[in-house]
Amino acid sequence: KRIKINEKLNESYDKYKTLVEASTEGIIMIINKEISFFNMYILNLLGYTDEEFRAINIYDIIFEKKKFSEIFDGKQKEKTSVKNFDSKLIKKNGELHDAFISLSKVKFHGEDGFILAVKDISSNKDVEQELDQNIEKFKAITNNIDIGIFRTSIGRKGRFTEINKSAMEILACSDPQNINNIN
């Protein structure tokens, strides 16, 4: 009977390990402020080997040490068991890496701990930055041409949401705050 229980336990462990290894997010389990488990995704993301990652402290990869320390020490006012936020992680080569962190409190064999699910958002940040630059260029262009350009909301009672100086002159609107009064 004991052999069957051990077989089932080993099978359960293998299933869990396979699931975590196949994850498209980095997974780190922290028990007593020490890294106790991690998957290959996090190793590849941060540039560590298995052996190197086992030898580091969790704070070696965390940029916002104070924020994480408050969470790990239970000093945060929020008592939710899951926290989601953007952060930066420190790669082996010292570069900062943008990541979305989902941090969950867990109990593992009677010990308090945390599971960090790490999603790479560096490409999202690059796209956001490029988009912001393009928006600024567009605004600079539209504010310096003699063609009226505007955006409106959709619907029967559409309202102006943006308008350049030329369009305001064409519509005889002197105050940008009054564009909402124009139908």
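The structure we're discussing is the one just above.
Residues numbered from 1 in each chain as written. Predicted model: local features only at pLDDT ≥ 70, side-chain atom pairs only at ≥ 80, totals over all residues. Heavy atoms only, no water.

(A) Structural context of the pattern of salt bridges. Applying the stated criterion across every chain, the model contains four salt bridges. Its salt-bridge partner being aspartate 112, residue lysine 107 comes within 2.6 Å of it at the nearest N-O pair. With a relative accessible area of 60%, lysine 107 lands in the exposed category. We classify aspartate 112 as partly exposed; its relative accessible area is 48%. (Salt bridge = Lys/Arg side-chain N within 4 Å of Asp/Glu carboxyl O. Buried < 20%, exposed > 50% of the residue type's maximum accessible area, 1.4 Å probe, protein only.)

(B) Spotlight on the side chain of asparagine 164. Looking at where asparagine 164 falls in the secondary structure, it is placed in the loop between strand 7 (160-163) and helix 6 (165-170). Within the structure, asparagine 164 has its side chain in polar contact with the backbone oxygen of isoleucine 147 (distance 2.9 Å). The contacts of asparagine 164, once residues within four sequence positions are left out, are Thr142, Asn143, Ile145, Ile147, Gly148 and Ile149. (Helix = DSSP H or I, 4+ residues; strand = E, 2+ residues; numbered from the N terminus. Polar contact = N/O pair within 3.5 Å; in protein donor to acceptor, adjacent residues only side chain to side chain. Contact = heavy atoms within 4.5 Å.)

(C) Just the sheet that holds strand 5 (residues 111-120), in detail. Overall, antiparallel pairing links the five strands, which are arranged 2-1-5-4-3 in an open sheet. Either end of the sheet is taken by a strand with one partner, and the two such strands are strand 2 (34-38) and strand 3 (82-90). Strand-to-strand twist of the sheet, defined as the mean angle between neighbouring strand axes without regard to direction, takes the value 35°. Here four bridges tie strand 1 (residues 26-31) to strand 2, and the two strands are oriented antiparallel to one another. Across the sheet, the residue bridging to isoleucine 31 is glutamate 34, located in strand 2. Along the sheet, helix 4 (residues 65-72) contacts strand 1, strand 3, strand 4 (96-108) and strand 5; its crossing angle with strand 3, the most-contacted strand, is approximately 145°. (Pairing = 2+ DSSP bridges. Axes fitted to C-alpha atoms, helices over the stretch in contact; angles between N-to-C directions.)

(D) View of the layout of surface pockets. Size it by volume and the second largest pocket reaches roughly 190 Å³. Every residue along the wall of the second largest pocket is listed here: Phe138, Lys139, Thr142, Asn143, Ile149, Phe150, Arg151, Glu162, Ile163 and Asn164. Listing elements by their share of the lining of the second largest pocket, those giving two or more residues are helix 5 (122-142), strand 6 (150-152) and strand 7. Take the lining of the second largest pocket: its biggest share by element is three residues, from helix 5. Residue classes in the lining of the second largest pocket are distributed as four nonpolar, three polar and three charged. (1 Å grid on protein atoms, 1.4 Å probe; cavity = no way out; pocket = protein on both sides within 12 Å on 5 of 7 lines; lining within 4 Å. Points joined across faces, edges and corners; volume = space filled by probe spheres on them. Nonpolar A, V, L, I, M, F, W, Y, C, P; charged D, E, K, R; others polar.)

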